[in-house]
Amino acid sequence: MNPIYKKLCSFLALILTIFLTANTQEDDKKIRIIMIGAHPDDCDDDGGGTAALFAQMGYAVKFVSITNGDAGHQLIGGAELAKRRFAEAQEAGKRLGVTCDVLDNHDGQLMPTLEVRLQIIKKIREWNADIVIAPRPNDYHPDHRYTGVLVQDAAYMVAVPNIAPETPALKKNPVFLYFQDRFQRPNPFRPDIAVDITNVFDKKVSALDAHVSQMYEWLPWIGHYADKVPKDKSDRVKWLAETRKQPIRTDVKTALEKWYGKEKAATIKNAEAFEICEYGAQPSDEEIKKMFPMLGK
Ligand SMILES: [Zn+2]
């Protein structure tokens, strides 16, 4: 064979190999999810079931709490409470198979500042997130509202290299989603995506059970139902599961029917729903199915 021709052939073979390898890597790429809440138990509460399903499929999921939770208790506070809540978040993360970060901002005092926005941009970039989930800016708690604003403010900016240049910008704006909530003004939550979490509901409850200071102490105290909390540990978990079993809303049911079909949707006992934020990438239904492979199964 002509040596020049031979060289050309091996060069073309090399190009083909590089092209095929790159394509396979692209196909194999697993979606990376980051859920961002105001407090160390928020992501478990709003997205724990979906996180457990992603984790079971080997997907990388991270929870970030923007505050350290140092105000959420009636008897203790400050560093002592922050330390306790950090440990609870780590235990909950272990039970779900996700990693948990807690930022050192004070609980109950969160403001939508540039400083915190940059902290969030950094977290989303470091995780190389494809999906970012956070609360809507409509909520009873100011920390939840500002978390919603801060994460919205991080959308688009995560792809701008001149912003926080010490952390490389993402190549594309991720899909930003909102957790489900009950608030009506100025507009109610719209369930664009609904996930069947029936099979991992116990896992979600187990993660919530790790947040002892919240589930069995603070929330019952501030909600005036502390007398309802059972003393025994296993009775407590059963009680927690009962309190977390919410009837599925009509609009969420309609979304479940869209993604799972009517027959399967009728059997679903627990669900988590998400709304697509206008400021992130806008996925088509086909792209949503690729990002959430559990839909329809
Ligand atoms: Zn919260």
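**With respect to the coordination of the zinc ion**
Within the protein, the atoms that donate to the zinc ion are His39 (ND1), Asp42 (OD), Asp42 (OD) and His144 (NE2), at distances of 2.1 to 2.5 Å. Considering all four donor atoms around the zinc ion, angles at the metal cover 54 to 127° and the coordination shape is irregular. Linear spacing of the donor residues for the zinc ion on their chain is H-x2-D-x101-H. Highlighted residues: His39 in the loop between strand E1 (32–37) and helix H2 (42–56) and His144 in helix H5 (residues 142–154), separated in sequence by 105 residues. His144 matches His39 in its accessibility class, with the two residues each being buried.

**Side note on the pairing of strand E2 (residues 60–67)**
Sheet faces and side chains relate simply in a regular strand, where the side chains alternate between the two faces. Here E2 lies mainly inside the structure; seven of its eight residues are buried. Where E1 lies against E2, six bridges are found, and the strand directions are parallel. When the sheet's bridge partners are listed, Ile33 is paired in E2 with Val61. For the segment spanning E1, H2 and E2, crossover handedness is right-handed. Direction of pairing for E2 relative to strand E3 (residues 99–105): parallel, over a ladder of five bridges. Paired with Val64 across the strands is Asp101, a residue of E3. Crossover connection from E2 via helix H3 (residues 78–96) to parallel E3: handedness right-handed.

**Considerations on the packing of aromatic side chains**
Per the stated rule, a full pass over the model turns up eight aromatic pairs. Between Phe179 and Phe274 the ring centres are 6.3 Å apart and the planes differ by 50°, which places this aromatic pair in the tilted class. Highlighted residues: Phe179 in strand E5 (residues 175–179) and Phe274 in strand E7 (residues 271–276), separated in sequence by 95 residues. Here Phe179 matches Phe274 in class, with each residue buried. These aromatic residues form a ring-pair network of at least three members: Phe54, Tyr59, Phe179, Phe274 and Phe292. Positioned over the ring face of Trp127 is Arg32, at 4.4 Å from the centre of the ring.

**Here we look at the nonpolar core**
Core analysis: the biggest nonpolar cluster contains 53 residues, and Ile33, Phe63, Ile131, Leu177, Ile193, Val195 and Phe292 have the highest contact counts within it. Residue contributions to this core peak at six residues, all from H2. Setting aside its immediate chain neighbours within four residues, Ile33 contacts Phe54, Tyr59, Ala60, Val61, Lys62, Trp127, Ile131 and Ile133. Ranked by size, the runner-up nonpolar core spans 24 residues in total, among them Ile34, Val64, Ile124 and Ala129.

**Notes on the sheet that holds strand E6 (residues 193–196)**
With mixed pairing, the seven strands of this open sheet are ordered in space as E3-E2-E1-E4-E5-E7-E6. Because the sheet does not close on itself, it has two edges, and the strands there are E3 and E6. The sheet shows a mean angle of 25° between the axes of neighbouring strands, direction not considered. Here helix H9 (residues 250–260) sits on the sheet and contacts E6 and E7; the angle it forms with E6, its principal contact strand, is near 80°.

Parameters at a glance
Along each chain, residues carry numbers from 1 onward, in the same order as the chain's sequence is written. pLDDT decides what is reported in this predicted model: residues at 70 or higher carry local features, side-chain atom pairs at 80 or more are listed and counted, and totals for whole chains, interfaces and linings draw on all residues regardless. Excluded from the side-chain calculations are hydrogens and water; all other atoms, namely the structure's heavy atoms, are used. Only nitrogen, oxygen and sulfur atoms count as donors, using a 2.8 Å cut-off from the metal that widens to 3.2 Å for Na, K and Ca. Water is left out, so coordination shells may look unfilled. Square planar and octahedral sites, with four and six donors, are those where opposite donors lie more than 155 degrees apart and all other angles lie between 65 and 115, tetrahedral sites have four donors with every angle between 85 and 135 degrees, and the rest are irregular. Secondary structure follows DSSP: runs of H or I at least 4 residues long count as helices, runs of E at least 2 residues long count as strands, and numbering of each begins at the N terminus. To sort residues, take the accessible area from a 1.4 Å probe on protein chains only and compare it with the maximum for the residue type: under 20% means buried, over 50% means exposed, and anything in between is partly exposed. Strands are labelled as partners when DSSP assigns at least two bridges between them. Convention used here: a crossover is right-handed provided that the path from the first strand, over the helix, to the second strand proceeds clockwise when the strands point away from the viewer. Ring geometry is summarised as follows: Phe, Tyr and Trp rings, the Trp one being its six-membered ring, pair when their centres sit within 6.5 Å, and such pairs are stacked at plane angles under 30 degrees, edge-to-face over 60 and tilted between the two. Two conditions define a charge sitting above a ring: the NZ of Lys or the CZ of Arg must be within 6 Å of the ring centre, and it must be within 35 degrees of the ring normal. Among the buried residues, those of types Ala, Val, Leu, Ile, Met, Phe, Trp, Tyr and Cys that are joined through side-chain atoms within 4.5 Å form a nonpolar core. Contacts are assigned to residue pairs that have any heavy atoms within 4.5 Å of one another. Angles shown run from 0 to 180 degrees and are taken between the N-to-C directions of axes, each axis being a line fitted to C-alpha atoms and, for helices, limited to the stretch in contact.

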